[in-house]
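Letter by letter, the chains look like this.
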Amino acid sequence: MAAKGPITAIVLGGLKELVRDKTSLFWILVFPVIMVLISGGLWANPNPRPTPVGVYVDDTSSGPFNATLVTMAMEETGMFEIKHYDSLQSMLDDIAEDGSPPLGLYFPQGFAANASSGMPASIVVYRVNVSELWVEVDQSKLLGFLSGMEDRVRLTILNYALPHAPPGYRGYLEALADPLKTRVEEVNTAREVSQAVIAGYMAISMVVVEALFIGLNVGASMIHEERESGGLRALLSSPVPSWAILAGYTLTTMVYIALAGLASVAAGFLIGAEYRGLTPGILAASAVMVVLAGLFTMGLGLLLAPLARSAKGANGLATAIAFPLMFLGGIWIPAWMLPEPFRTFAHYFPLSRLSDALKLMIVYGGTPLEALSMTPPVLVVAIIAVYAVGTITYRRMLSMMVEKA
Amino acid sequence: MECVVEVEGAEKRYPGGVAAVNNVSLTAGRGIHVFLGPNGSGKSTLLSMIAGVLKPSAGRITVCGKDLWGPRGLDARKHIGYAPQDPPLRPLLTGYENLVRHALFRGLSLGEARRRARELLELVGLAGAADRKVGEYSGGMKRRLTVAIALVGDPDVVVLDEPSTGLDPTARRELWDIVVRLREEGRVVLLATHYADEAEALASKVYIMHRGVVAAQGTVAELKERYTPVSVILVEAKEAPPNPEEARSSLMLPGVEDVVVEGPVFRVYAARPNVVAPRVLEAMVGYGVEVRELRILEPSLEDVYFKVTGTTLRGEGVGG
Ligand SMILES: Nc1ncnc2c1ncn2[C@@H]1O[C@H](COP(=O)(O)OP(=O)(O)O)[C@@H](O)[C@H]1O
Ligand SMILES: [Mg+2]
């Protein structure tokens, strides 16, 4: 096939140039590692300060398992800083005013009596209604503590009740025992936040961030670079069809993304990421998604190319666009944390969908099928359309350059 | 079948500018076809169109019978090797790697490409620098590598745009040897230069390029015969005359065909130089010009160029 040689030439040349060009090496291999390590380091100890928690006790009933016991136990862990209120309203006002404390714990009437006698006891967690990751972390700390507490209550109840129960009833009792009715008010999410998950999240995000940077840069600058190095003249005078040049560059982009992706994933390992379920199916589905991400960003880059006059200008433009997209496109910062209208934008932004699908499989242990449901056909069609329009733009630029040389 | 380059009414107009190439027609078979002209005369524009990288505004170019800009354009390009005026090199790759890259563009297998690259590096005298990055090459080395790139696909038609610019005299001779060998191998060589001696040394046929047109064409002997059946009396004055036009007319003596004044240098064209020379000297002294040297020259292509275009190969001059 006539195009095999040119494609090989472009990919081989691209790899050799990558190895010899310190700037590209930095962006493709060093930058993702630094980003993952730094952000992972920030998160490694997600919240060293004790979490401030407001407490208001409305309960006048008595019993050994009471609000005082719970709050004392909380303080003893060193994880919480308790602030007592004498009315629910003043606590809610504090939370509402400036999110300090971000969380409040409300013990309603009858808590001690119920909890101590094996009856379900209600408890309400108030949470400031902002989408900020620290609040998520604080909240999951509190909920984690409460559920630990609940286990201990459950054990106490069981130990108390079992001697009176007929043999074989333990299972039924366990199923029934749900001593703490914890209700969270104004909750957006209560997600699992562990170091392994955070590290994995960052590493996989970085793969997509790299796809964004590499695709935009290569797509926007390739034609300018070929023209400036005089290579375009040589290509135009040789029997190479324009699609083969494009295929060569697209493949080069994919190889760059793969290298950057491996670097990111390896950096994730260093900070304790656990990648769940790296089955052949997941690897294959991930490869497809990374390729889709690369096609999309390369297509965008090709669309940007006519706006620049030189390779340098094209790289500047690509980076100027990639940076905000990295933060506001729901890739590096989760979409749910973004303010409107970026949240809606991220919802429709293909890279954010692909990145979520990748994380679902690799970080949260979802199946390829579940991940694929996050990349519906319309998304794939949109991505291919962007790439196709990009190639048309490229061909038009090429024929304009043939007119001007 | 012999491969021929045919250009019919080729034209290139840039938006807002005059025609860089205007209605050029030619048929070039085996041999060395030299396009001679100063900077800006349209050589590169014409050769770019023939090499298939610049689309003519009008006209038709075929290579080995295939229309370069028609549906079989890629086929036509298989016959072409092109060394552009600006070397098409990737600075981060070595000379060897650059050649392999272009060989792959030409459809050679990786093995063939490597073998061909070594062979050509040897040919252009760069074997010793094969594994150095091209970014570290001198201008002359880049030029030689560019010539090697033109040859990588074993082309029927070799287009060389100013291949000897920046070469030292030895390297220039070596390049000429390569070009002569290409002719002996039966290829069509199209070569642009602004050096008259290069044209004289190499050309099977010379095309005098002037402001985008081929002002005259023929073998070196034909051109000399047609345009300078006279010798040149070269007079070098101590300094340039204050009024070249006036100086020129004062030398238009009987027996003098033409006079060209270029700074302090006077070229006096005459059929019988031995008779005319003393009179010229006399007239110059009379005009108040201090003469430093007087020589009688055989006409050169440079003189032909001047006779045809009224300008010199270094730029515009004054005269007939
Ligand atoms: N891309 C371009 N746009 C506009 N004018 C051009 C362009 N390239 C060349 N020219 C003009 O065309 C003329 C011929 O240039 P060129 O073919 O490079 O001459 P040469 O190779 O003989 O020096 C010059 O006047 C030059 O300024
Ligand atoms: Mg030129």
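Here the structure is a predicted model, which means the values were calculated and not measured.

Chemist: Could you clarify how one ought to interpret the packing of helix α8 (residues 195–228) of chain A against helix α10 (residues 242–270) of chain A in this entry?
Modeler: When two helices pack together, their arrangement is given by the angle between the helix axes and the distance between those axes. All names here are of chain A. Relative to each other, α8 and α10 sit at 155 degrees, their axes nearing to 8 Å. The pairing of α8 with α10 is recorded here as roughly antiparallel in orientation. Handedness of the crossing formed by α8 with α10: right-handed. Each of Ala199, Ala203, Ile204, Met206, Val207, Glu210, Ala211, Ile214, Gly215, Val218, Met222 and Glu226 in α8 lies in contact with α10, whose residues at this interface are Ile245, Leu246, Tyr249, Thr253, Tyr256, Ile257, Ala260, Gly261, Ser264, Val265 and Gly268. Grouping the amino acids of the contact of α8 with α10 by side-chain chemistry returns 16 nonpolar, five polar and two charged.

Chemist: In this structure, what is going on with the layout of surface pockets? I would like to understand it.
Modeler: Over the atoms, a rolling probe the size of a water molecule traces out where space has been left empty. Looking at the largest pocket, its volume works out to about 850 Å³. Lining the largest pocket are 30 residues, with A:Asp21, A:Ser24, A:Ser221, A:Glu225 and A:Asn315 sitting closest to its centre. Elements represented by at least two residues in the lining of the largest pocket include exactly α1 (4–20), α2 (22–44), α8, α10 and α12 (311–328) of chain A. Sort the elements by how many residues they give to the lining of the largest pocket and α8(A) lands first, with nine residues. Grouping the constituent residues of the lining of the largest pocket by class yields 13 nonpolar, 10 polar and seven charged. Of the volumes computed, that of the second largest pocket is approximately 490 Å³. The wall of the second largest pocket is formed by 21 residues, among which A:Leu236, A:Val402, B:Trp69, B:Leu74 and B:Arg77 lie closest to the centre. Counting residues per element, the ones that place at least two in the lining of the second largest pocket are α9 (231–236), α10 and α16 (377–404) of chain A together with α2 (73–77) of chain B. Here the lining of the second largest pocket gets five residues from one element, more than from any other, and that element is α16(A).

Chemist: Help me understand the pairing of strand β11 (residues 231–237) of chain B, please; the structure alone is not making it clear to me.
Modeler: Within a regular strand, the side chains alternate between the two sheet faces. Residues and elements named next belong to chain B. Burial analysis of β11 places six of its seven residues in the buried class, which makes it a mostly covered element. Pairing of β11 with strand β13 (residues 265–270), which is carried by six bridges, proceeds in the antiparallel orientation. Among the inter-strand pairings, glutamate 236 is bridged to a residue of β13, identified as valine 265. Here β11 pairs with strand β14 (residues 291–297) via six bridges, running antiparallel. Each residue of the ladder has a partner; that of valine 232, found in β14, is leucine 297.

Chemist: Looking at this structure, I do not really get empty space enclosed by the protein. What am I missing?
Modeler: Applying the stated criterion across every chain, the model contains two cavities of 30 Å³ or more. Considered as a void within the structure, the largest cavity measures approximately 60 Å³ in volume. Lining the largest cavity are A:Ala234, A:Ser237, A:Ser238, B:Tyr82, B:His102, B:Phe105, B:Arg106, B:Ile149 and B:Val152. Taken together, the residues of the lining of the largest cavity break down into five nonpolar, three polar and one charged. Computed from the structure, the second largest cavity encloses a volume of approximately 50 Å³.

Chemist: How should the domain arrangement of chain B be read in this particular structure?
Modeler: Note on interface size: it is often stated as the accessible area lost on association of the parts. Domain annotation for chain B reports domain 1 (5–224) and domain 2 (230–298). Computed over C-alpha atoms only, the centres of domain 1 of chain B and domain 2 of chain B are separated by 39 Å.

Chemist: Could you clarify how one ought to interpret the domain arrangement of chain A in this entry?
Modeler: Splitting chain A by domain gives domain 1 (4–43 + 195–404) and domain 2 (51–177). For domain 1 of chain A and domain 2 of chain A, the distance between their C-alpha centroids amounts to 47 Å.

Chemist: Can you walk me through the sheet that holds strand β8 (residues 188–193) of chain B in this structure?
Modeler: Whether parallel or antiparallel, the strands of a sheet pair through hydrogen bonds between backbone atoms. All names here are of chain B. Sheet architecture is open: six strands sit in the order β6-β7-β8-β3-β9-β10, paired in mixed fashion. The sheet terminates laterally at β6 (80–83) and β10 (213–218), the two strands that pair on one side only. Neighbour-to-neighbour, the strand axes of this sheet turn through a mean angle of 15 degrees, independent of strand direction. When strand β9 (residues 205–210) meets β10, the two strands line up antiparallel, connected through five bridges. Paired with methionine 209 across the bridge in β10 is valine 214. Across the sheet, helix α11 (residues 301–309) touches β3 (31–36), β9 and β10, and the angle it forms with β9 is around 45 degrees.

What counts, and at which threshold
- Residues numbered from 1 in each chain as written.
- Chains lettered and ligands numbered in written order.
- Predicted model: local features only at pLDDT ≥ 70, side-chain atom pairs only at ≥ 80, totals over all residues.
- Heavy atoms only, no water.
- Axes fitted to C-alpha atoms, helices over the stretch in contact; angles between N-to-C directions.
- Helix = DSSP H or I, 4+ residues; strand = E, 2+ residues; numbered from the N terminus.
- Parallel < 35°, antiparallel > 145°, perpendicular 65-115°, else oblique.
- Left-handed = near helix turned anticlockwise from the far one by under 90°.
- Contact = heavy atoms within 4.5 Å.
- Nonpolar A, V, L, I, M, F, W, Y, C, P; charged D, E, K, R; others polar.
- 1 Å grid on protein atoms, 1.4 Å probe; cavity = no way out; pocket = protein on both sides within 12 Å on 5 of 7 lines; lining within 4 Å.
- Points joined across faces, edges and corners; volume = space filled by probe spheres on them.
- Buried < 20%, exposed > 50% of the residue type's maximum accessible area, 1.4 Å probe, protein only.
- Pairing = 2+ DSSP bridges.
- Domains from an automatic or database assignment.

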